[in-house]
Amino acid sequence: MDKKKARINIVVIGHANSGKSTTTAHLLYKLGGIEKDVIERLEKVDVEVNMPSFKYAWVLDKLKADHERGATIDISLSKFETNKYNCIVIDAPGHRECIKNMTTGASLANCDVLVIDSTTTGGFEAGMIGQTFEHALLAFNLGANQIICCCNKMDATTPKYSMDRYVKISEQVLTYLIKVGYKPYEIPFIPISSFDGDNLIDRSTNFDWYKGPTLLEAIDIMKGPNIGGIRDVPVGRVETGCLRPGMSVTFAPTGLQAEVKSVEMYPGTRLQAEANSSEMHREPLDVAYPGDIVRFNVNVSATDLKQGYVASNPEDDPAKEVTHFTSHVIITNHPSQIEEGYTPILHCHTSHIPVKFAELIYKVDYCSHKIIEKRPPFLKNGDNCLIKMIPTESMVVEPFSLSPPLSRFVVQDLHQIVAVGVAINVKRKN
Ligand SMILES: Nc1nc2c(ncn2[C@@H]2O[C@H](COP(=O)(O)OP(=O)(O)OP(=O)(O)O)[C@@H](O)[C@H]2O)c(=O)[nH]1
């Protein structure tokens, strides 16, 4: 892999059987990530068991099985390169590693590839009410706020490669993704047949009516990693206001004051992709605006800064450490009951901190938002509750009204996502 390229983590999500494994494996195979002899060996097995359609899905399943057994697999098998990125693909279904990867370390800047089964028989309509949107909601709350939608199995729509079907699905999915929080004008919808490889890398003549990017091209228009310490220079995303050289900033939660010496665009961001390639690497900026992913030099030691810190203008209501906060939390997937005192890990912007569910204040009805029970003794899957939460370590959280990106979180326990939430009120530490 080319070390100069930025790394991007791609999470493949979607309803069961939508074609996630086939899409992933076919892409890896076409880009040389899977050795030809592996495919040939699996093809033989396919023929033996008379399931030729499983060719690519089998590769991924085999890798997963190997992985679950603890066998060594060539890690490069799940990596590929685009013109711009070193990509790491994470295939979602029942794959514990996925959740871990999605929530770990500095790799929050994932891009989701949502695979939709476009067929009418057990396809899109089944997916609508299935995992598709739960996955999208989780992925968005994890910080992967960019998504590529693949309308898959277009070879099996009626009629084949139906533009009407593609338009109908795209419209419905888009409506939902906007509700989840994705920016509508940034979502590519790509008609594909992952089975035949149509529009994965090469443009397929089966879709004369489609003028948008292929899956590979769409990955290159995504933004690169957004957060994480890179050598001794902090890297982050400007959420509100602006960041200029010469500005003073305060880092929360410690309150450390610093002066910004220089600001530069982080390699691999969209703005840079549009710039001349010779300027790709250290493009100094006079000012960075919301959405810009930047590296910035400050006159303090990098050892005084940690992942999850938030820099703000000290004169403009800077972010601070909180003592507690109240949040609306939806329990999505907990195996038992949640009671007061429960202390799972919260993944909020780039921090990962154990937080105590100190008080279950009231349960609300998901649709009407009316209070249905005060001080419930416990919560179970599907419950939507206002909860007072107390972090066990220094943490920066902002209310949704002030900063949506610093207010959303996912709750992890038992290696899985058990709830999602958003902070409504915060009590800052004086
Ligand atoms: N006709 C057609 N079938 C496809 C296509 N992509 C996948 N399939 C078939 O759909 C079935 C499911 O594919 P998978 O790739 O295993 O789907 P998945 O989403 O990874 O499934 P889970 O891991 O069970 O969630 C298999 O029979 C595939 O051969 C496609 O583009 N066209």
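Residues numbered from 1 in each chain as written. Predicted model: local features only at pLDDT ≥ 70, side-chain atom pairs only at ≥ 80, totals over all residues. Heavy atoms only, no water.

Where an unreviewed UniProt entry is consulted, the protein appears under the name Elongation factor 1-alpha, with the organism given as Medicago truncatula. Listed in UniProt under the heading Subcellular location (unreviewed entry), the comment for the protein reads: "Cytoplasm". Taken directly from UniProt, the Sequence similarities (unreviewed entry) text for the protein runs: "Belongs to the TRAFAC class translation factor GTPase superfamily. Classic translation factor GTPase family. EF-Tu/EF-1A subfamily." (UniProt positions renumbered as here; feature names shortened; annotations may be inferred.)

(A) Region of interest: the pattern of salt bridges. Applying the stated criterion across every chain, the model contains 12 salt bridges. Linking R295 and E264 is a salt bridge whose minimum nitrogen-to-oxygen distance equals 3.1 Å. On the criterion of sequence distance, the pair formed by R295 in strand β10 (residues 293-298) and E264 in strand β9 (residues 256-265) is long-range, its members being 31 residues apart. Comparing R295 with E264 shows no difference in burial state: the two are buried. One salt bridge connects R428 with E398, and the closest N-O pair in it is separated by 3.0 Å. Highlighted residues: R428 in strand β18 (residues 416-428) and E398 in the loop between β16 (384-391) and β17 (408-413), separated in sequence by 30 residues. Here R428 matches E398 in class, with each residue buried. One salt-bridge network, held together by shared partners, links K363, E373, K380 and D383. (Salt bridge = Lys/Arg side-chain N within 4 Å of Asp/Glu carboxyl O. Helix = DSSP H or I, 4+ residues; strand = E, 2+ residues; numbered from the N terminus. Buried < 20%, exposed > 50% of the residue type's maximum accessible area, 1.4 Å probe, protein only.)

(B) Focus on the sheet that holds strand β7 (residues 235-237). In spatial order, the strands read β7-β10-β9-β8-β11; together these five strands make up an open sheet with antiparallel pairing. Each edge of the sheet is formed by a strand with only one pairing partner; in this case those strands are β7 and β11 (310-312). Between one strand axis and the next, the sheet turns through 50° on average, direction left out of account. Relative to β10, β7 runs antiparallel, the two being bridged by three bridges. (Pairing = 2+ DSSP bridges. Axes fitted to C-alpha atoms, helices over the stretch in contact; angles between N-to-C directions.)

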